[in-house]
Each structure stands twice: as structure tokens, then as C-alpha cells.
Amino acid sequence: MAPKSQKVATIKDVAAKAQAGKTSISRYLNGEFHLLSDNLRQRIEVAIRELNYQPNQMARSLKHGRTGLIGLIIADIGNPFSVEVLKGVEAESIKQGFMTVVCNANNSIELECQFIQLLKGYRVDGLIINSAGVNQQFIEVLQDTTLPFVLLDRKIDNFPCDMVGLDNPASAEMAFNHLIEQDFEAICFVTEPIVYNSARQERLQTFERIRQANPQIKGESYEVSLPDADALETIVSDFCASKRGMRKAIVAANGVLTLQLAYTLNKLGLRWGADIGFLSFDNLEWASLAGQGITSISQPTAEMGHKAVECLLEKLENPEKAPTQYLFHGELIVRNSTTL
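What you see is a predicted model; the values in this text were computed from it and never measured.

Rules used in this analysis
Residues numbered from 1 in each chain as written. Predicted model: local features only at pLDDT ≥ 70, side-chain atom pairs only at ≥ 80, totals over all residues. Heavy atoms only, no water. Helix = DSSP H or I, 4+ residues; strand = E, 2+ residues; numbered from the N terminus. Rg over C-alpha atoms; globule rule 2.2 N^0.38 Å. Buried < 20%, exposed > 50% of the residue type's maximum accessible area, 1.4 Å probe, protein only. Contact = heavy atoms within 4.5 Å. Areas by Shrake-Rupley, 256 points an atom, 1.4 Å probe, with all protein chains shown as cover. Lys, Arg positive; Asp, Glu negative; His and termini not counted. Charge placed at Lys NZ, Arg CZ, Asp CG, Glu CD. Expected span 1.5 Å × (residues − 1). Domains from an automatic or database assignment. Pairing = 2+ DSSP bridges. Axes fitted to C-alpha atoms, helices over the stretch in contact; angles between N-to-C directions. Salt bridge = Lys/Arg side-chain N within 4 Å of Asp/Glu carboxyl O. Core = buried A, V, L, I, M, F, W, Y, C linked by side-chain atoms within 4.5 Å.

**Regarding the overall build of the protein**
- The secondary structure content of the protein amounts to 12 helices and 12 strands.
- For 340 residues, the compact-globule estimate of 2.2 N^0.38 gives 20 Å, and the protein exceeds it by more than 25% at 26 Å.
- In the protein, which comprises 340 residues, the proportion classed as buried is 49%.
- For the protein, the proportion of contacts with a sequence separation of at least 24, taken over those separated by at least 6, is 68%.
- Accessible surface, the protein as shown: approximately 17000 Å² in total, 49% of it carbon and sulfur.
- One way to put it: in the protein the 33 positive side-chain charges average out to a point 9 Å from where the 40 negative ones average out.

Spelled out as C-alpha cells, the structure:
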């Protein structure tokens, strides 16, 4: 005969065992210990422990208007940037007494829109969104939501909202100027598709601006949808063949591309730092260990995550607070892949 399932203790059971009123139990659960005598508080503690009582957090959130939950929507859980930002958001959330509900959009704007609606139904207190991209559907969903939100590493033109991210134009300028100072004569910039993605757009726009200001530099740019190893191999091969005899460098627009390009260069037998320069946006954990090391633009990802939570909590406390953009500076970490 199957054992009977154990009865879930209620606040009424706790009150009976502690010989106290339900009001006293509620005061204890809400941390209002100054309203309870030491003897009563100890009886409640013993009752809760012996009954293994677990408060109904959803019911308490409905009563107090807060769930203590923050919805975090990230574009791609496989992107090193997203993972590091997630760590920062979670650490700061826990520090502030909140928990995160993480949703991986898998680079789908449509799925992100569904997550926004879903998290609203779960009554999260607010959203932090590292979007796969910003199109009209995404903007309309944001306009319709009543939840406070902060965008992470994404901008929307003519749409005032709180945003935390990297100063991409300044960081990209620092990267490309470094290559020029190192006497590279040809630069190939490779990015994933830029449509709907403000960070990639700003990096590519900065590259084009610097290329125009330095006509002596032979510059090329390509957009590649991953995974497409054949396309990357063709790009690198054609670039090297057309720029034979020139000091040349290839730039990866983000961490995911860095890994793919590193694999491509290795497959083609090209040594970065010797046969070709190599620079990466995102300072990956293995960048200092691979070959001669990969010069990188390091983003303060943990700090971005912390700031996004702070910004969201400020919005919760003051809903009328004017939207603000918080832009962080990148750091150029020079390694042998781009030095003379």
C-alpha cells in the first residue's frame, strides 16, 4: 500500500502549534519581530521548524505587490558575453534580495516577445533584456508591457528607456586605431548580421568611418550567419590572397565569432601574430592562452550586470525617474596577435 503524502502545513497549523494568532505568525514572517515578545517569537520559530512550514511566496507577493523576482531575457546562452552578464545580474540580484528568472531567446526576437508576455503573467517585478535584436514587433511589445525594464547592450532610436551597455563607438575606435598604429595595411572586419542589432551596427559604422579617414588602409567588412564555417574559410582565404605581401589583420566582432575565426585560421594553417593579426571584441577566458594570445577589447560584463539591476531597482522605487543610458568604457588588452 502506497504511503499517504504528507500534509502541507498551513499558517493556521503554525498558529495552533505555537498557541498564537495568525496575525502574530504574519508579523513574524514579515520580519516585524519588534511587535512580538521573545517567548512568542521562540514558540513560532519552533512551530515552523517542527511543521516544516513553507510560506506561500506567490500569495505573499500578491498581498505585498512584489514577488522578489527579476526576469532576465538573454539573446544567446552560448554567447560568452551573455553568460558573463548573467553572472553579474544574478550576483547583484541576490545581494539586493531578489532572484532571477532566466530565459534564453536563442537569438529569436519572436521568442523574446513571448518571454516578455510570459514573465508578465508570472508577476516578475521587472525585466532586464539583452535582446537578440530590435525590430518593430519587439518595440510594440515593450510599449505594451506595464513592467519596468532595462535594456542591456541594446539601443532603440527615438524610444526613451533605461539602457546599460558598452560605449561601442569609443571601444571600436580604440581597437582599429591600435591596428593602424601597429602598421597594419589591411583590415578585415567580420560580424554576425547587423540588422536589428545596435552594438554590431555601431562597431561596423566605426570601422567604416575610420577606414574612410585613413585611405591608406585597405579595409573589408563581411556579415556572416553562424554556423557557416565554409563562408568564414572563404572570407579569410580571399582576404589573405588579395592582400598578399601586406601586413594584414582580421577582427572578430564578438566572442562567438572569435572562436569560429580562431578555428578557421588554425584550419588554414595561419598563425596569428606571425602570418596575420587577430583582434577580438570580448576578452574570452582562453584568449591569453591561445597561441601567442589574442588582442581583445574587454567589456566590464559583470559591472554591466550589476548596473542593470541597480537601474531596474531605482525604477521600481521611482517609476517617474527619467530614462538613463549608462555606457561603460572597454579596455584594450594588447597581446602578441597584433604586436610587431
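Moving on from the model shown.
**So, helix α12 (residues 301–317)**
- Given a rise of 1.5 Å per residue, 17 residues ought to cover 24 Å, and the 25 Å separating the end C-alpha atoms of α12 matches this to within 8%.
- Taken together, the buried positions of α12 are Thr 301, Met 304, Gly 305, Ala 308, Val 309, Cys 311, Leu 312, Leu 313, Lys 315 and Leu 316.
- Those residues of α12 hidden inside the fold are in contact with β1 (69–74), α5 (80–95), β3 (126–130), β4 (149–152), β5 (162–166) and β11 (325–328).

**Brief notes about the domain arrangement of the protein**
- Each domain of the protein was delimited in the assignment, giving domain 1 (11–55), domain 2 (68–165 + 302–327) and domain 3 (168–299).
- Its C-alpha centre places domain 1 at a distance of 37 Å from the equivalent point of domain 2.

**Examining the side chain of Thr 191**
- Turning to its location among the elements, Thr 191 is positioned in strand β6 (residues 186–191).
- Among the residues examined, Thr 191 registers a relative accessible area of 0% and is labelled buried.
- With residues up to four places along the chain from it excluded, the contact list for Thr 191 reads Arg 200, Tyr 222, Glu 223, Val 224, Ala 253 and Leu 257.

**Things to note about the sheet that holds strand β7 (residues 218–223)**
- Read from one edge of the open sheet, 6 strands run β7-β6-β8-β9-β10-β12, paired in mixed fashion. At either end of the open sheet lies a strand with only one pairing partner, and these are β7 and β12 (331–333). Here the strands of the sheet are splayed against their neighbours by 15 degrees on average, with no regard to which way each runs.
- As judged from the 4 bridges shared by strand β8 (residues 248–252) and strand β9 (residues 277–281), these two strands associate in the parallel manner. Paired with Ala 249 across the two strands is Gly 277, which belongs to β9.
- On the sheet, helix α9 (residues 198–213) packs against β6, β7 and β9 and is oriented at approximately 160 degrees with respect to β7.

**Quick notes on the pattern of salt bridges**
- Across all of its chains, the model carries 16 salt bridges by this definition.
- Across the pair Asp 162 and Lys 315 runs a salt bridge whose closest N-O atoms are separated by 3.6 Å. Residue Asp 162 is found in strand β5, and its partner Lys 315 is found in helix α12; the two are separated by 153 residues along the sequence. For the pair shown, Asp 162 and Lys 315 are each scored as buried.
- In this structure, Lys 267 and Glu 233 form a salt bridge, with 3.2 Å as the shortest nitrogen-oxygen distance. A residue pair is termed long-range when its members are at least 10 positions apart, and Lys 267 in helix α11 (residues 255–267) and Glu 233 in helix α10 (residues 229–242) qualify at 34 residues.
- With relative accessibility at 52%, the residue Lys 267 sits in the exposed group.
- When its relative accessible area of 23% is taken as the criterion, Glu 233 is described as partly exposed.
- Via salt bridges that share partners, Asp 162, Glu 314, Lys 315 and Lys 321 belong to a single interconnected network.

**A word on unusual backbone geometry**
- The residue after Leu 226, namely Pro 227, is reached through a cis peptide bond having omega 0 degrees.
- Within the fold, Pro 227 resides in the loop between β7 and α10.
- If you check the backbone angles, Tyr 196 has positive phi at about 70 degrees while not being a glycine.
- Its place among the elements puts Tyr 196 in the loop between β6 and α9.

**Details of the sheet that holds strand β2 (residues 99–104)**
- What the 6 strands build is an open sheet, ordered β2-β1-β3-β4-β5-β11; its pairing is parallel. The two strands at the open ends of the sheet, each matched to only one other strand, are β2 and β11. Within this sheet the neighbouring strands show an average axis-to-axis angle of 15 degrees, counted without direction.
- As paired elements, β4 and β5 share 3 bridges and run parallel to each other.

**Here we look at the nonpolar core**
- Counting 25 residues, the largest nonpolar core has Ile 129, Phe 138, Leu 142 and Leu 151 as its most contacted members.
- At the level of secondary structure, the elements contributing two or more residues to this core comprise α6 (109–121), β3, α7 (136–144) and β4.
- With 5 residues, the single largest contributor to this core is α6.
- If we ignore the near neighbours within four places in the chain, the residues touching Leu 151 are Ile 129, Phe 138, Leu 142, Ile 156, Cys 161, Asp 162, Met 163 and Val 164.
- Grouped together as the second largest cluster of nonpolar side chains are 23 residues, Ile 235, Val 236, Ile 250 and Leu 284 included.

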